[in-house]
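Observations on the model geometry
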Amino acid sequence: IFLYMGAVDKNNITLKILKLFNNKLFVNYKIIVLIGVNNSQRVVIKKYVKKINNIKILKENNINFKKIYDHVNYVISASGVTMYEQLNYGFKPIVFPQNKFQLKISQSLKKSNLINTINVKNRKAKENFFKVLQNNKNFFDKSVKNCINKLVFNGSEKIANEIN
């Protein structure tokens, strides 16, 4: 599982998700975490993770995401740019929206069955998260991926066509 909540993560969702993972339900999962360069809780997160054997923090922030995506089965992110990259790569990301704009985007993508969302504030977040991991088809087949690319990733091309 790869977890990255963006460069800032002002709502400290990374730590909240890591606390969900610190449970016997998740001991068989290997978690790779990239802490955003401007995350104010970097030290707290690193200290928290030291005690958990199945979680690894990446040391550098200049990361080749493709190399990571080639070695993971699940991805977790906010509803930002990284989520679109994950969709483009063929993942069905597990998304934790961090603001009202991301919430709106994620609701639309969830209705289209392109992503899964989890509300970290929900009392049953741990159980819901585990259920999503157990039931999540985390990759799309090629035909679906091509369709996603046309729908989601050709935005600038669509705008240019409308202007012309």
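Throughout, a residue's number is its position along its own chain's written sequence, starting from 1. Side-chain atom pairs in this predicted model are given and counted only at pLDDT of 80 or more, local residue features only at pLDDT of at least 70, and totals for whole chains, interfaces and linings cover all residues. The basis for every side-chain value is the complete set of non-hydrogen atoms in the structure, without hydrogens or water.

**Section: the overall build of the protein**
Numbering goes from the N terminus for both helices and strands, where a helix is a DSSP run of H or I of at least four residues and a strand is a run of E of at least two. The number of helices and strands found in the protein is eight helices and six strands. Listing every helix and strand of the protein by position from the N terminus yields β-α-β-α-β-α-β-α-β-α-β-α-α-α. Under the scheme applied here, a residue whose accessible area is under 20% of the maximum for its type counts as buried, over 50% as exposed, and between as partly exposed, the area being computed with a 1.4 Å probe on protein chains only. Burial statistics for the protein: of 164 residues in total, 42% are counted as buried. The long-range fraction of contacts in the protein, counting pairs at least 24 apart against all pairs at least 6 apart in sequence, stands at 61%. Method for areas: the Shrake-Rupley scheme with a 1.4 Å probe, in which residue coverage is limited to the protein chains shown. Split by element, the accessible area of the protein, about 10100 Å² in all, is 51% carbon and sulfur. By the convention used here, residues are in contact when the closest approach between their heavy atoms is within 4.5 Å.

**Some points on the nonpolar core**
The biggest cluster of nonpolar side chains holds 30 residues, and the ones touching the most others in it are I17, F21, I76, F96 and F129. Those elements that place two or more of their residues in this core are α1 (13-21), β2 (31-34), α2 (42-49), β3 (55-57) and α6 (125-135). With six residues, the top contributor of residues to this core is α1. If we skip the residues at most four places from it in the chain, I17 touches L3, M5, I76, F96 and F129. The term nonpolar core refers to a set of buried residues drawn from Ala, Val, Leu, Ile, Met, Phe, Trp, Tyr and Cys, joined through side-chain atoms within 4.5 Å. Core analysis: the second largest hydrophobic core is formed by 10 residues, F2, L58, Y69 and V72 among them.

**A word on the layout of surface pockets**
Buriedness for pockets is judged along seven lines, at least five of which must meet protein on both sides within 12 Å for an open set on the 1 Å grid over protein atoms alone, while cavities are sets there where a 1.4 Å probe fits but cannot get out, and lining residues have an atom within 4 Å of a point. Grid points are joined across faces, edges and corners, and a volume is the space filled by probe spheres set on the points. Considering only enclosed or pocket space, the largest pocket measures out at about 340 Å³ in volume. Lining the largest pocket are 17 residues, with F96, P97, Q98, L103 and N119 positioned closest to its centre. Within the residue set of the lining of the largest pocket, elements represented by two or more residues are α1 and α5 (100-111). Ranked by residues supplied to the lining of the largest pocket, first place goes to α5 with five residues.

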